[in-house]
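Each chain is listed here by its residues.
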Amino acid sequence: MAAAAASPAHLEHRVSGIHALCRTGLDTDTLRADFLRRLRTIVPVDAAFFATVDPLTLLFTSAVAEEPLGSVTPLFLENEFGQPDVNKFAVLAESADPVSSLDQATDWDRASSARYRDVMAPLGLGDELRAALMVGNRCWGVLCLHREDLPGGFSAEEVRLVRRLAPHLAEGLRRAVTAGAIGAPPPFAAADTPPPGILVLDDSLALVSMTEEAEQWLSDIPGHTWPASGELPVTLHAAAARLILAEREDDLMSLPPSAVRLRGHSGRWLSVHASRLQGPTGPLIGIVIQAVPPTELSSILLSAHGLTNAQQRVAALVLRGHSTREIVADLHISANTVQEHITGIFDKFGVRSRRELVAALLAGGAPPA
């Protein structure tokens, strides 16, 4: 696929348009679709993978994989979570430069990458351009752009262009993933708190069984078409793949937990957690889906509102009911500094009191547009 050539002025106009798009408060699906459509007018892309992630674990919370990528999800997850390779999303998220191409990372020796050999080359895909979408030190999504398997890959100028766009896209995702309800309500009343749902997978990530409650929860997970497609959400596969990787590591504590939190179609926050089961026919993987208690959402919601690290520390103590004097003692800062942080926190949440702040967080409130 080739993008139309553009003059420098026209290119800057299109880049500015993408920047503006990311500030319009679109939901995740619309932002993904519109961003990729506009990006393709300035950067040729033959296939794309675009996912939101839980910033605490970097596990996928929703994903779009354009064909032919959708057919190799298990192989992709095995590589991402179970094999050494270049440009892993988790590594990019911790790098000074979170954007890199496969050709750059392998010194133009694509065959040295297991992902290229096992996943991309069989599909006729060559170079890939990956970006961890960062706001501060938090990753809110990942983007992978693919080119047909030809000698020429993404140019240095195209890499720089995606590097310019990535922070704006990350900011748009930061708002979108914590926005209000994004689709039809689930098949249970919003006021209800359904019991946990349980699914059992084998080590190939194939479904063995599930409870009725799990089917209800699955209907609330965005970005997939269960049961019509017959495919479980990538969120569940990612949690299971992380569990399998953890079992292979000598130091299990070095890896984030095999759990992910995401906001469902209903606006309710869900937790997906994978753990190992021992069955009569061999080891299995158990996945529990349940509602996240609002008090456990404070860290992700504070990050979503763009609070600084210092503001997050103060806000966390406010949520625990600490007075200004207690915050001063705990953080060893002055009362004036505490008040400055609290004022900044109120401004970012659009509230005027501690009570309103606590109410906004307990409600899983979305960041202001």
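Look a little higher up for the structure.
Residues numbered from 1 in each chain as written. Predicted model: local features only at pLDDT ≥ 70, side-chain atom pairs only at ≥ 80, totals over all residues. Heavy atoms only, no water.

Peer 1: I'd like a description of the environment of Thr211, backed by residues and values.
Peer 2: Mapped onto the elements, Thr211 comes out in the loop between β7 (207–210) and α8 (212–218). Taking relative accessible area as the criterion, Thr211 reaches 27% and is therefore assigned partly exposed. With 12 residues separating them in the primary sequence, Thr211 and Leu199 have C-alpha atoms 6.6 Å apart. Beyond its immediate stretch of four places on either side in the chain, Thr211 contacts Gly197 and Ile198. (Helix = DSSP H or I, 4+ residues; strand = E, 2+ residues; numbered from the N terminus. Buried < 20%, exposed > 50% of the residue type's maximum accessible area, 1.4 Å probe, protein only. Contact = heavy atoms within 4.5 Å.)

Peer 1: Report on the nonpolar core, specifying residues and quantitative values.
Peer 2: Of all hydrophobic cores here, the largest spans 48 residues; its most connected members are Phe49, Phe60, Leu77, Ile285, Ile287 and Ile289. Here the element with the most residues in this core is helix α9 (residues 234–248); it accounts for nine residues. Discounting chain neighbours no more than four positions away, the residues touching Ile287 are Gly197, Ile198, Leu199, Leu201, Leu236, Ala240, Val272, His273 and Ala274. One finds Val43, Val45, Ala170 and Ala304 within the second-largest nonpolar core, a separate group that totals 32 residues. (Core = buried A, V, L, I, M, F, W, Y, C linked by side-chain atoms within 4.5 Å.)

Peer 1: For the sheet that holds strand β8 (residues 259–263), give the residues involved together with the corresponding values.
Peer 2: Strand order in the open sheet made by the five strands is β7-β6-β10-β9-β8, with antiparallel pairing throughout. Bordering the open sheet on either side are β7 and β8, each of which pairs with just one other strand. Direction aside, the axes of adjacent strands within the sheet are offset by 25° on average. One ladder, built from three bridges, connects strand β6 (residues 197–201) with β7; its direction is antiparallel. The residue bridging Leu201 from the neighbouring strand is Leu207, located in β7. Relative to strand β9 (residues 269–279), α9 is tilted by about 45°, and along the sheet it contacts β6, β8, β9 and β10 (282–291). (Pairing = 2+ DSSP bridges. Axes fitted to C-alpha atoms, helices over the stretch in contact; angles between N-to-C directions.)

Peer 1: Can you break down unusual backbone geometry residue by residue, with the values?
Peer 2: Across the junction of Glu67 and Pro68, the peptide omega takes the value 10°, indicating a cis bond. Residue placement: Pro68 occurs in the loop between β2 (60–65) and α3 (73–82). A positive phi angle, close to 55°, is found at Asp107, a residue other than glycine. A relative accessible area of 64% means that Asp107 is categorised as exposed.

Peer 1: Any chance you could break down the packing of helix α1 (residues 8–21) against helix α7 (residues 156–176) for me, citing the residues and the numbers?
Peer 2: Two numbers describe how α1 lies on α7: the axes approach to 9 Å, and their chain directions differ by 25°. One finds that α1 runs roughly parallel with respect to α7. Seen from above, α1 lies across α7 with right-handed handedness. Contact residues: α1 offers Leu11, Glu12, Val15, Ile18 and His19, while α7 offers Leu161, Arg164, Leu165 and His168. Its residues assigned to classes, the contact of α1 with α7 shows five nonpolar, two polar and two charged. (Parallel < 35°, antiparallel > 145°, perpendicular 65-115°, else oblique. Left-handed = near helix turned anticlockwise from the far one by under 90°. Nonpolar A, V, L, I, M, F, W, Y, C, P; charged D, E, K, R; others polar.)

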